[in-house]
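Structural description and commentary
Given next are the chains, with one letter for each unit.
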Amino acid sequence: MRRPLVAGNWKMNGSLESIRGLLDGIKRGIGRVKSAEVAVCPPYVYLPETQKRLTGSEIAWGGQDLSTEMSGAYTGEVAAPMLNDFCCKYVIVGHSERRGYHAESDELVAKKFAAARAAGLMPILCVGETLEEREAGTTNAVVARQLDAVIALQEADALADGVVAYEPVWAIGTGRTATPEQAQEVHAFIRARVAESNQDVAEGLRILYGGSMKPDNAKELIGKPDIDGGLIGGASLKAEDFLGICTAAD
Ligand code: PEP
């Protein structure tokens, strides 16, 4: 039985004041969430405040990205041990905004996945196709390529220490959600792909859906057999909406 996970990706949003309100709002309502695991990924600079407010609660937290390196002359980067200093459990790797705006290759993302794992963090590996790729019928090929880069560097066993998030790029922040059937099809494909290398890891792997998930569509999506929760952008910025998705995942 895979425990559902709902993780909020706050991206580059908020201020110290608004982040405090959001953290407190989620904390106040978390008692309503019965079985799903809940995590939030604030901008790096708000991790100390997040740690301060969430320590002792049921809610986990994590980074939105990390460096492939553990330390050194990499201006602007944040290393896995630094995330450990603030007791992060998770770290997102390969988000489509990183792949797109920062030209992160599959190989670089695989190295980030490995760096997170080496430091004991649980990477949330984002995969997903663009609209052009879907329309060209290459969704599975794209997702397989992104997944295979991690498996090639680390073997499929490495995925036992991580989470995969299927995030069709055309659904992120657009209000255009994949149908539960479309999402389930890709989730099943991902699980089958991992099973080709390791059946046990595939069965235990949590595969989240991300892309305009909201309280009113979460239940139907997470109700599908291979959808084990969500990676939530926009709707995670309002405590009530985020908690609505978390309870839908129960
Ligand atoms: C995301 O950025 O990971 C995401 C899923 O965003 P949104 O929920 O806003 O589509």
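Everything below is about the structure shown above.
Below: a short report on this structure. (Residues numbered from 1 in each chain as written. Predicted model: local features only at pLDDT ≥ 70, side-chain atom pairs only at ≥ 80, totals over all residues. Heavy atoms only, no water.)

**Let's talk about the packing of helix α1 (residues 16–29) against helix α11 (residues 239–248)**
Relative to each other, α1 and α11 sit at 40°, their axes nearing to 9 Å. Comparing the axis directions of α1 and α11 gives the class oblique. Seen along the crossing, α1 lies across α11 with a hand that is right-handed. Contact with α1, carried on its side by L22, G25, I26 and G29, involves A239, F242 and L243 of α11 and no other residues of that element. Looking at side-chain class alone, the contact of α1 with α11 contains 5 nonpolar, 2 polar and no charged residues. (Axes fitted to C-alpha atoms, helices over the stretch in contact; angles between N-to-C directions. Helix = DSSP H or I, 4+ residues; strand = E, 2+ residues; numbered from the N terminus. Parallel < 35°, antiparallel > 145°, perpendicular 65-115°, else oblique. Left-handed = near helix turned anticlockwise from the far one by under 90°. Contact = heavy atoms within 4.5 Å. Nonpolar A, V, L, I, M, F, W, Y, C, P; charged D, E, K, R; others polar.)

**Things to note about the site of the ligand**
Taken together, 14 residues form the shell around the ligand, and within it K11, E167, G173, S212 and G234 come nearest. Here an oxygen atom of the ligand sits 2.7 Å away from a polar atom, N or O, in the main chain of S212. With respect to the ligand, the backbone of G234 contributes an N or O atom lying 2.8 Å from an oxygen atom. When the free accessible area of the ligand is taken as 290 Å², the share hidden by the protein chains comes to 97%. (Near = heavy atom within 4 Å. Polar contact = N/O pair within 3.5 Å; in protein donor to acceptor, adjacent residues only side chain to side chain. Areas by Shrake-Rupley, 256 points an atom, 1.4 Å probe, with all protein chains shown as cover.)

**Thoughts on the nonpolar core**
Here is a general trend for soluble globular proteins: nonpolar side chains tend to be buried in one another's company. Ranked by internal contacts, the top residues of the largest apolar core, which has 67 residues, are I26, L66, L125, L159, V164, I190 and Y209. At 6 residues, α11 tops the list of elements feeding residues into this core. Among all residues touching Y209, those that are not within four sequence positions of it are Y166, P168, A171, T177, A178, A183, H187, L221, I227, G229, G230 and L231. Judged by nonpolar contacts, the second largest core, of 13 residues, contains L5, A39, A60 and I92. (Core = buried A, V, L, I, M, F, W, Y, C linked by side-chain atoms within 4.5 Å. Buried < 20%, exposed > 50% of the residue type's maximum accessible area, 1.4 Å probe, protein only.)

**Focus: the side chain of T50**
Inspection of the secondary structure puts T50 in helix α2 (residues 47–54). Judged by its relative accessible area of 0%, T50 is buried. Apart from residues lying up to four places away in sequence, T50 is in contact with L23, V40, P42, T55 and W61.

**Some words on the pairing of strand β8 (residues 229–232)**
Of the two faces of β8, both are covered, the one formed by G229 and L231 as well as the one formed by G230 and I232. Relative to β8, strand β1 (residues 5–9) runs parallel, the two sharing 4 bridges. The residue of β8 that forms the bridge with V6 is G230. (Pairing = 2+ DSSP bridges.)

**Considerations on helix α10 (residues 215–222)**
What α10 keeps buried is the set N217, A218, L221 and I222. Angularly, the buried residues of α10 cover 125° about the axis, an arc narrow enough to put them on a single face. Structural note: α10 exposes D216, K219 and E220 on the side pointing more than 90 degrees away from its buried face. The inward-facing, buried residues of α10 abut α8 (180–197), β7 (207–209), β8 and α11. (Arc of directions from axis to C-beta.)

**Focus on the side chain of Q146**
Take Q146: it is sitting in helix α7 (residues 139–154). On the accessibility criterion, Q146 (5% relative accessible area) is buried. Among the polar contacts made by the side chain of Q146, one reaches the main-chain amide nitrogen of G128 at a distance of 2.8 Å. Other than its neighbours up to four places away in sequence, Q146 contacts R99, D106, V127 and G128.

**As for α8**
Taking 1.5 Å of rise per residue, the 18 residues of α8 would be expected to cover 26 Å, and the 26 Å separating its terminal C-alpha atoms lies within 8% of that figure. The complete set of buried residues in α8 reads P180, A183, Q184, V186, H187, I190, R191 and V194. (Expected span 1.5 Å × (residues − 1).)

**Looking at the pattern of salt bridges**
With the rule as written, the count across this model stands at 21 salt bridges. Across the salt bridge formed by E129 and R134, the nearest N and O atoms sit 2.7 Å from each other. Judged by relative accessible area, which is 0%, E129 ranks as buried. Across the pair D148 and R193 runs a salt bridge whose closest N-O atoms are separated by 2.5 Å. (Salt bridge = Lys/Arg side-chain N within 4 Å of Asp/Glu carboxyl O.)

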